[in-house]
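Coordinate inspection notes
One letter stands for each residue in the lines below.
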Amino acid sequence: MASDNYLLVAAIDFGTTYSGYAFSTKHDFRTDPTQMSLVQWVAGSAGMVSQKASTCVLFKPDRTFHSFGYEAEDKYLNLTLDKDHEDWYLFRRFKMNLYNTKLDREVQLTDYSGEKKMPLIDVISATIAYLKSKLMKQCREQGTGVNDSEVRWVLTVPTIWTDPAKQLMREAAEKAGLDKRQLILCLEPEAASVFCKHIPVGKRVFGDRVEFQAGSKYMVIDAGGGTIDITVHKVQKDGHLREILVASGGDWGGTKVDEAFESYLEDIIGKQAFGQFKSDHLYDLLDLMRRFEVKKRLNKVKHSDKVTVSIPSSLLSTYNKLNPGQNIKENIAKNERFSSHVEFFGDKLRLSGTKTASLFDESIEQIVYHVSKLLRDPKVRGISAILMVGGYSECPLLLDAIRHIAGGVQLIVPNEAGLAVLKGAVVIGHSPSTISERICKFTYGVETHLPFKKRKHKNEYRVIDESGKKLCSFAFDRFVKKGNAVKFHEHAQARRYVPVTASQTSIVFSIYASNNEKPVYVTDANCQKIGEIKVDMPDTTRGLKRVVCVSMCFGGSEIDIKAVDEDTGQVVRASCDFLG
C-alpha cells in the first residue's frame, strides 16, 4: 500500500489511443473532489486541442527518448519527408501489447516501421518518466510546491489485465522514478465509477435521476481505444462501492474501427497496392489515420452521415503504378461492392453513411453481445443505470446500440466521458478504500505437499518426506475461490507451511490461478502458474519444525502477500514475481 505521507495526488491515465495526467492537493480534494488540474495538449498538424495526447513516443537512433504525443508524431512525419526516419523508433498504441502478449521483462515491442524493436518495459518507462517530469514542472509553475516524496502516484490499468501485465506496468513506473511506496495501480472502470458519484446530475449528457443511493446497483462500461472494461457496482451504506460481478471485457475498443477503415481501403485499391503504400509512404499512412481519427472524434458518426477524408496522392499514385491504364474511379463505378458507397473527388474520398457505420460493426457487435449476456445474469438484474465512460462512449452508434438492449435501464454518460477514468484515478488516490469489495476472477492457491489421501490423490504423486510421512506432491492449496467476495486490504486465512527438508534455507512457493472453483492439482489443465514467492529461512537449527505463515490479500488492484516466520515473529512482505 502506498504511503499516507502525501500532499498531492498525481494520476497518469496511460491509454491505448490517448494518455494524460491530472493532479490535486489534499486541500483541493477536501474542498471539491472534482477540482483538479490537467494539461492542454496541442496537435499542430491535426489542428486539435485536448486534455489528452496521442499515446505515441519517439526514440532517437541511439534509443534515447526524444518526444511524446503529438510532438512525437509531428517530428516523425518531418523525418519521413526528409527520409531521415529509418534509424528512429516510433511507437504508437502499444498498450495493447500488455493485454494479448505472453509477458516477461524481455518482451520486445516492434516500432511503427515494423522493422526495429525495443524492450516493451523501456518504452513504457520512458513514457511514464516524461509524463512525470511534465506534471511536476506544471506543479511548480502553478505554485504547488511539493517534493517527490510528498506525491502519491496513481497509474490506471484495465480491469481485464493479467497479474503479469500489472507487474510489468509497476516495474516500468519504478524504472521511471516513481517510488513503489508512493504508487497505486487503479482499475479503470472503478476510477470512472468513483468519479461519476461526484458529478452533479446537470453535468451529465444523459441521466436525470440520482442513482448512486445506498443499495442501488449499476453497470460501468469503460469503452476506450483498446479495451472495453465492464464491471457492476453496488453502493454500500457508507457510500463505498462493492463489486458484485467479476469484471470482464475484451479488446473491442475504438481501434477496431481504424483497422476496419484500413481494411476497406485495402479492398478498394487492392492488397498489393495498399501493402506497397504502407511500406513506401509511412508519413502519408500516419497522416491519413490521424485525419480519420479527427473525423471519428469530431463528427460523432451516425448512420446518415457521409464522411469525407483527404487521401494522400501517394496512395493513388501507388495504385496507378501497379495498375497501368486503369482508372480507379471507373473501376469503383463498375464494382457493385463500392459504387453506392465510395466516391472520389480529386484528393477526397467520401464514404456513404451506411458504409461508415459498418466500420463500427465488428466492435459494437462484440460489445453488445457481451453486455446483453451480463444483463441476463441474476446478479445484474435490478440495476438502476448503465454508466458509460471512455472516449468511445461518446460514439452515437455505440450509445444507440447499448440503449437498444438496455430496456428500461437508465443510460448515463458524463460530459467529457474520456476524462472520467483520469479524474477518478485522482479521487481514488485520495481515498483508496472507496472500492471496499471485489469479486475474485480466479481460484488462487500455491503448489505444496499435502498429507496423502489414498482415495483422493493420485498414487504417482505420493512422496515420503524425511520424517517418513506420506505426502501428495503438486497439490493445489487454495487461498481464495473463484467468485468469492474479497474485501479491501483483508487477507485470506493464513496457511502454515514447513520445509520439505531440514537443511532448506528458504521456501519457494509457486502461485497458481485456476478457472475451477476446487482444483486438486496444479498440473490440472485449468491451472496456470502466475508467479512465485520466496521466503528466506537462513537459520536451519530447528529443521523441519520451522513454520512460515503465508497470507494473501486479493481485495486490491494487485495481489498483496505477507509471510510470518513463527520462530522469530518477523513479518516479511514476500515478493511475488509474475514475470519470472
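An account of the accompanying structure is given in this report.

**A look at the overall build of the protein chain**
For the protein chain, the helix and strand inventory stands at 15 helices and 33 strands. The C-alpha atoms of the protein chain give 27 Å as radius of gyration, which agrees with the globular expectation for 580 residues (25 Å, within 12%). Seen along its three principal axes, the alpha-carbon backbone of the protein chain occupies a region of about 85 × 55 × 55 Å. Burial status across the protein chain gives 55% buried among its 580 residues. Once local pairs closer than 6 in sequence are excluded, the contacts in the protein chain between residues at least 24 apart make up 69%.

**Some thoughts on the pattern of salt bridges**
The tally for this structure, following the rule as stated, stands at 25 salt bridges. The partner of Arg-181 in a salt bridge is Asp-179, with the nearest N and O atoms 2.7 Å apart. Within the structure, one salt-bridge network assembled from shared partners comprises Glu-73, Asp-74, Arg-92 and Arg-290.

**Side note on unusual backbone geometry**
Even without being glycine, Lys-83 reaches a positive phi, approximately 60°. Positive phi values are uncommon outside glycine, yet Phe-474 reaches one of about 60°. Locating Phe-474 in the fold gives a position in strand S25 (residues 470–480).

**Here's the deal with a negative patch on the surface**
Taken together, the side chains of Asp-82, Asp-84, Glu-86, Asp-87 and Glu-115 present a region of like negative charge at the surface. On the basis of relative accessibility, which here comes to 46%, the residue Asp-84 falls in the partly exposed class.

**Some details on the sheet that holds strand S32 (residues 571–572)**
Spatial ordering of the open sheet is given by S27-S30-S31-S32, a layout of four strands whose pairing is antiparallel. Only two strands of the sheet have a single partner each, and these edge strands are strand S27 (495–497) and S32. Pairing geometry for strand S31 (residues 560–565) and S32, over two bridges, is antiparallel. Across the sheet, residue Ala-563 finds its bridge partner in S32, namely Val-572.

**Digging into a positive patch on the surface**
A cluster of basic residues, Lys-454, Arg-455, Arg-462 and Lys-470, forms a positive patch at the surface. Assignment of secondary structure puts Arg-455 in the loop between strand S23 (443–451) and strand S24 (462–464).

**A look at the side chain of Asp-284**
With respect to the helices and strands, Asp-284 occurs in helix H8 (residues 282–299). Despite being buried, Asp-284 has no salt bridge partner; Arg-291 is the closest side chain of opposite charge, sitting 8.2 Å away.

**With respect to the packing of helix H5 (residues 188–196) against helix H15 (residues 420–430)**
Helix-helix packing is described using two parameters, namely the angle between the two axes and the distance between the axes. In the contact formed by H5 and H15, the axes pass within 7 Å of each other and the chain directions differ by 80°. Relative to H15, the element H5 lies roughly perpendicular. In contact with Glu-188, Glu-190, Ala-191, Ala-192, Val-194, Phe-195 and Cys-196 of H5, H15 contributes Ala-420, Val-421, Lys-423, Gly-424, Ala-425, Val-427 and Ile-428. A per-class count over the contact of H5 with H15 returns ten nonpolar, one polar and three charged.

**A look at the side chain of Thr-231**
Tracing the backbone through its elements, the reader meets Thr-231 in strand S15 (residues 228–235). A polar side-chain atom of Thr-231 sits 3.1 Å from a polar atom in the side chain of Glu-243. When residues no more than four places from it in sequence are discounted, the contact partners of Thr-231 are Pro-189, Tyr-218, Met-219, Val-220, Glu-243, Leu-245 and Ala-247.

The rules we used
- Residues numbered from 1 in each chain as written.
- Predicted model: local features only at pLDDT ≥ 70, side-chain atom pairs only at ≥ 80, totals over all residues.
- Heavy atoms only, no water.
- Helix = DSSP H or I, 4+ residues; strand = E, 2+ residues; numbered from the N terminus.
- Rg over C-alpha atoms; globule rule 2.2 N^0.38 Å.
- Buried < 20%, exposed > 50% of the residue type's maximum accessible area, 1.4 Å probe, protein only.
- Contact = heavy atoms within 4.5 Å.
- Salt bridge = Lys/Arg side-chain N within 4 Å of Asp/Glu carboxyl O.
- Patch = residues over 30% accessible without salt bridge, like charges linked within 9 Å, V, L, I, M, F, W, Y side chains within 5 Å.
- Areas by Shrake-Rupley, 256 points an atom, 1.4 Å probe, with all protein chains shown as cover.
- Lys, Arg positive; Asp, Glu negative; His and termini not counted.
- Charge placed at Lys NZ, Arg CZ, Asp CG, Glu CD.
- Pairing = 2+ DSSP bridges.
- Axes fitted to C-alpha atoms, helices over the stretch in contact; angles between N-to-C directions.
- Parallel < 35°, antiparallel > 145°, perpendicular 65-115°, else oblique.
- Nonpolar A, V, L, I, M, F, W, Y, C, P; charged D, E, K, R; others polar.
- Polar contact = N/O pair within 3.5 Å; in protein donor to acceptor, adjacent residues only side chain to side chain.

By themselves, these are just geometric observations and shouldn't be taken as functional.
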